[in-house]
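Residues per chain are reported as follows:
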Amino acid sequence: MLCMRKISAAIAFLIFLLLTGCSKSNKRDDLENIDVHSEQEMLDFALSYLDQKYDEQFVIDKSYYKYKHKNGHEDAPMVLNARFHPIGDDHLVGAFYLEEPNIISDNYSIIMHQYEVEDVLFPEFAKQDLSAVISIDASQIRGDLDKDISAEEIIYDDRVTIQVYQPVNRNADMKENLPLIRKWLDYLYTCDYEWDFGLIAEDDNNYILFQINKSDCGYQSADDWSDEELLYRAEIMEDFTKEFKEKYDKTGE
């Protein structure tokens, strides 16, 4: 149980990185000298920046949306941190970070390769009679990726973590999911890339019920995990998800 207590904070931080890990700012000249301060000004600026940078139109996805003082200090600049996706394609969900007056960064140069990565990984999952959704965590990368980078280069970059999420019924007893968890872990521990594995609610892909990282506890196989540890991991993850969504999921607003 000690190992689980030590890594519970790491799980929360891992999700934080997924949502906020972005590349450095790359503003166009006509946006360089614009100062923004209100929430609406920051939204308009972020969309203009993204539209110009990627030559594509985007909309804000409020499943994760944070507008507040940096680090919670009232004398600090305001920060807008939100998800976004192209108009007409809500599968490619990126994130941007904007700090007043105009410091901005985003991770879309990675997210735009989502389909290519799926084309490589999904057939491998199918060989194991498994299926899932994936997310690309490249929060350790600073700067934009080359547009011509291959899916394999992304997957096997040691700065990238492939987050594999299995949708399940959120109301089911977590004990019923243990065989599925172990089946996934049996497979993922044989993979050479960095990964996280999680369970998400079938009715809400942003509702994480369970998560494990490849390096957690130094374990190297599914057999290293006791049922008690797996169930405890689910307990702390769902508690964290509930708190996180209460604060930052603004979808209904």
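As a reminder, the structure under discussion sits directly above these lines.
Participant: Mind showing me how you'd approach the packing of helix 7 (residues 178–188) against helix 8 (residues 227–248) here?
Facilitator: Any two packed helices are characterised by the angle at which their axes cross and by the distance between the axes. It is at 11 Å that the axes of helix 7 and helix 8 come closest, and there the two elements cross at 100°. In terms of axis orientation, helix 7 runs roughly perpendicular to helix 8. Counted together, Leu178, Ile181, Arg182 and Leu185 of helix 7 and Asp227, Leu230 and Leu231 of helix 8 form the full contact between these two elements. Across the contact of helix 7 with helix 8, the residue classes break down as five nonpolar, no polar and two charged.

Participant: Explanation requested: the pattern of salt bridges in the structure shown.
Facilitator: Where side chains of opposite charge bring their charged atoms close, a pairing between them can arise. Across all of its chains, the model carries twelve salt bridges by this definition. Where glutamate 124 meets lysine 127, a salt bridge forms, and the shortest distance between an N and an O atom there is 3.2 Å. With glutamate 124 and lysine 127 both in helix 5 (residues 114–127) and three residues apart, the pair spans about one turn of that helix. For lysine 127, a relative accessible area of 61% translates into the label exposed. Here lysine 183 makes a salt bridge to aspartate 129, at a shortest N to O gap of 3.8 Å. Of this pair, lysine 183 sits in helix 7 while aspartate 129 sits in the loop between helix 5 and strand 5 (133–137); the two residues are 54 residues apart in sequence, bridging distant segments of the chain.

Participant: Any chance you could explain the side chain of serine 109 here in plain terms?
Facilitator: Looking at the secondary structure, you find serine 109 in helix 4 (residues 108–111). At 3.0 Å, the side chain of serine 109 forms a polar contact with the backbone nitrogen of leucine 145. The contacts of serine 109, once residues within four sequence positions are left out, are Tyr54, Asp144 and Leu145.

Participant: Please explain the nonpolar core as it appears in this structure.
Facilitator: The nonpolar side chains of a soluble globular protein tend to be buried with one another. Residues Phe125, Leu185, Tyr193 and Phe197 are the most contacted members of the largest nonpolar core, which totals 41 residues. Of all the secondary structure elements, the ones that give two or more residues to this core are helix 5, strand 5, helix 6 (151–155), strand 6 (161–168), helix 7, strand 7 (194–201), strand 8 (204–213) and helix 8. It is helix 7 that provides the largest number of residues to this core, a total of six residues. Setting aside its immediate chain neighbours within four residues, phenylalanine 197 contacts Val164, Gln166, Ile181, Trp184, Leu185, Leu188, Phe210, Gln211 and Ile212. Core analysis: the next-biggest nonpolar cluster, separate from the first, contains 20 residues, Tyr54, Phe58, Leu80 and Ile111 among them.

The rules behind each value
- Residues numbered from 1 in each chain as written.
- Predicted model: local features only at pLDDT ≥ 70, side-chain atom pairs only at ≥ 80, totals over all residues.
- Heavy atoms only, no water.
- Axes fitted to C-alpha atoms, helices over the stretch in contact; angles between N-to-C directions.
- Helix = DSSP H or I, 4+ residues; strand = E, 2+ residues; numbered from the N terminus.
- Parallel < 35°, antiparallel > 145°, perpendicular 65-115°, else oblique.
- Contact = heavy atoms within 4.5 Å.
- Nonpolar A, V, L, I, M, F, W, Y, C, P; charged D, E, K, R; others polar.
- Salt bridge = Lys/Arg side-chain N within 4 Å of Asp/Glu carboxyl O.
- Buried < 20%, exposed > 50% of the residue type's maximum accessible area, 1.4 Å probe, protein only.
- Polar contact = N/O pair within 3.5 Å; in protein donor to acceptor, adjacent residues only side chain to side chain.
- Core = buried A, V, L, I, M, F, W, Y, C linked by side-chain atoms within 4.5 Å.

Keep in mind that these numbers describe shape and distance, not what the molecule does.
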